[in-house]
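Residue-level structural notes
One letter stands for each residue in the lines below.
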Amino acid sequence: MNKQQLKSVMISAVLGFSGSVLAQGNGHWDYSGHQGPEHWGELAPEFSLCASGKNQSPINIAGTTKGELPTLALSYKAAGSEVINNGHTIQVNYQPGSSISLAGHSFELKQFHFHSPSENTLKGKSFPLEAHFVHADEDGHLAVVAVMFEQGDENQELAKAWAQMPKHAGEQAALLDPVDGLALWPKSHEYYRFNGSLTTPPCSEGVTWLVLKKPVSASEQQIRDFTAVMKHPNNRPVQAVNARVIVE
Ligand SMILES: [Zn+2]
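Residues numbered from 1 in each chain as written. Predicted model: local features only at pLDDT ≥ 70, side-chain atom pairs only at ≥ 80, totals over all residues. Heavy atoms only, no water.

**Quick notes on the nonpolar core**
By size, the foremost hydrophobic cluster in this structure holds 38 residues, and its most contacted members are Ile100, Phe114, Phe133, Phe149 and Trp185. Ignoring anything within four residues of it in the chain, the contact list for Phe114 reads Thr89, Ile90, Leu129, Glu130, Ala131, Phe149, Leu158, Trp162, Phe226 and Asn234. One finds Leu122, Tyr192, Phe194 and Val207 within the second-largest nonpolar core, a separate group that totals 17 residues. (Core = buried A, V, L, I, M, F, W, Y, C linked by side-chain atoms within 4.5 Å. Buried < 20%, exposed > 50% of the residue type's maximum accessible area, 1.4 Å probe, protein only. Contact = heavy atoms within 4.5 Å.)

This is the structure:
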């Protein structure tokens, strides 16, 4: 696969543009059974990294190394405009114009989506919900910011998306009240940083992961609303860290 093709696969996989997401047969994958995570690498040639990759996500974040991580500079607008049920997650697509900056390099926010229970774990601790804010630079390199949710007060910003959450795979809705991604972040933007991959096939590597240390809250009902629509857990199990360094 050349660089251009890789870019196309990575962006379509992450942004949910791929028609294969809902297709049966070749390229179909699931979270359990014969098409579950332990079989992803065998389901299609382009999914091979799911089995052979050495920098796979998610991971258990532990044994971190202290580093001089730059402050996460971000410029987000309230521009979550569309909510989609793609059969694997609930995703909010973002209008252009919101970005984060890492060491002077800009990544535009494309979408955010959810996993329950969480995919990454913090020192062995799982959370009931994890949001992934997916950003891409001009060359298609990805930076994902993960935000953990713990059960507590109702989350008012999440409620805007949940109010129009499509119940069935393949459905989408234009949001009447745009969601502000920043309002879903905790006040503290302290983070862990490591290299990883997409957590869904094709499990492409070269993804910069930034996992925020502090969780935000979602109510028991909001967590239940999500799991009821998904009908099953949508978290890939944690993967081997191998030679990677987790910086905090
Ligand atoms: Zn995700």
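Back to the write-up after that little detour.
**Brief notes about the coordination of the zinc ion**
Within the protein, the zinc ion binds to His113 (NE2), His115 (NE2) and His132 (ND1); these donor distances fall in the range 2.0 to 2.1 Å. When the donor residues of the zinc ion are listed from N- to C-terminus, their spacing reads H-x1-H-x16-H. Within this pair, whereas His115 is found in strand β6 (residues 105-115), its partner His132 is found in strand β8 (residues 129-136), the two being separated by 17 residues in sequence. Across the pair, exposure class does not vary: His115 and His132 are buried alike. (Donors = N, O, S within 2.8 Å, 3.2 Å for Na, K, Ca; no water. Helix = DSSP H or I, 4+ residues; strand = E, 2+ residues; numbered from the N terminus.)

**Side note on helix α5 (residues 220-230)**
Among the residues of α5, those classed as buried are Gln222, Ile223, Phe226, Val229 and Met230. For α5, the buried positions fall inside an angular range of 135° around the axis, keeping them on one side. At the exit of α5 stands Lys231, carrying a positive phi of roughly 70°. (Arc of directions from axis to C-beta.)

**Observations regarding the packing of aromatic side chains**
Enumeration according to the criterion identifies 15 aromatic pairs in this entry. Ring geometry for Trp29 versus Tyr31: centroids 5.4 Å apart, planes at 80°, classification edge-to-face. Judged by its relative accessible area of 10%, Tyr31 is buried. Measuring from ring centre to ring centre gives 6.2 Å for Tyr76 and Tyr94, while their planes differ by 45°; the resulting arrangement is tilted. Taken as a pair, Tyr76 in the loop between β2 (73-75) and β3 (80-85) and Tyr94 in strand β4 (residues 90-94) lie far apart in primary sequence, 18 residues in all. Under the relative-accessibility criterion, Tyr76 is labelled buried at 12%. Look at Tyr94 and you get buried, because its relative accessible area is 8%. An aromatic cluster is built from Tyr76, Tyr94, Phe112, Phe114, Phe133, Phe149, Trp162, Trp185 and Phe226, whose rings are joined through pairwise contacts. Lying over the aromatic face of Phe127, Lys125 brings its terminal NZ or CZ to 4.8 Å of the ring centre. (Phe/Tyr/Trp six-rings, centres within 6.5 Å; stacked < 30°, edge-to-face > 60°. Lys NZ or Arg CZ within 6 Å of the ring centre and 35° of its normal.)

**So, the pattern of salt bridges**
Per the counting criterion, the structure on display carries five salt bridges. The shortest N-O distance in the salt bridge between Glu248 and Lys213 comes to 2.6 Å. One end of the pair, Glu248, is in the segment after α5; the other, Lys213, is in the loop between β12 (205-212) and β13 (216-218), with 35 residues separating them in the sequence. Of the charged contacts in the structure, one is a salt bridge between Arg224 and Glu220, with a shortest N-O distance of 3.3 Å. Placement of both Arg224 and Glu220 in helix α5 is noted, with a separation of four residues, approximately one turn of the helix. Note on Glu220: relative accessible area 44%, which makes it partly exposed. Each of Lys66, Lys213 and Glu248 takes part in salt bridges that share partners, so that together they form one network. (Salt bridge = Lys/Arg side-chain N within 4 Å of Asp/Glu carboxyl O.)

**Some details on the side chain of His132**
Residue His132 is classed as buried on the basis of its relative accessible area of 1%. Polar contacts involving the side chain of His132 include one to the side chain of Glu130, which spans 2.7 Å. Leave out the neighbours within four places in its chain, and His132 touches Gln111, Phe112, His113, His115, Glu119, Asn120, Val144, Val145, Ala146, Thr199 and Trp209. (Polar contact = N/O pair within 3.5 Å; in protein donor to acceptor, adjacent residues only side chain to side chain.)

**Description of the environment of Asn93**
Checked against the element boundaries, Asn93 lands in strand β4. By relative accessible area, Asn93 is classed as buried at 12%. For the pair Asn93 and Val134, spaced 41 residues apart in sequence, the C-alpha to C-alpha distance is 9.8 Å. Each residue touching Asn93, except ones within four places of it in the same chain, is listed here: Ala79, Gly80, Ser81, Glu82, Ile84, Lys110 and Gln111. Of note is the side chain of Asn93, whose polar atom sits 2.8 Å from the side chain of Gln91.

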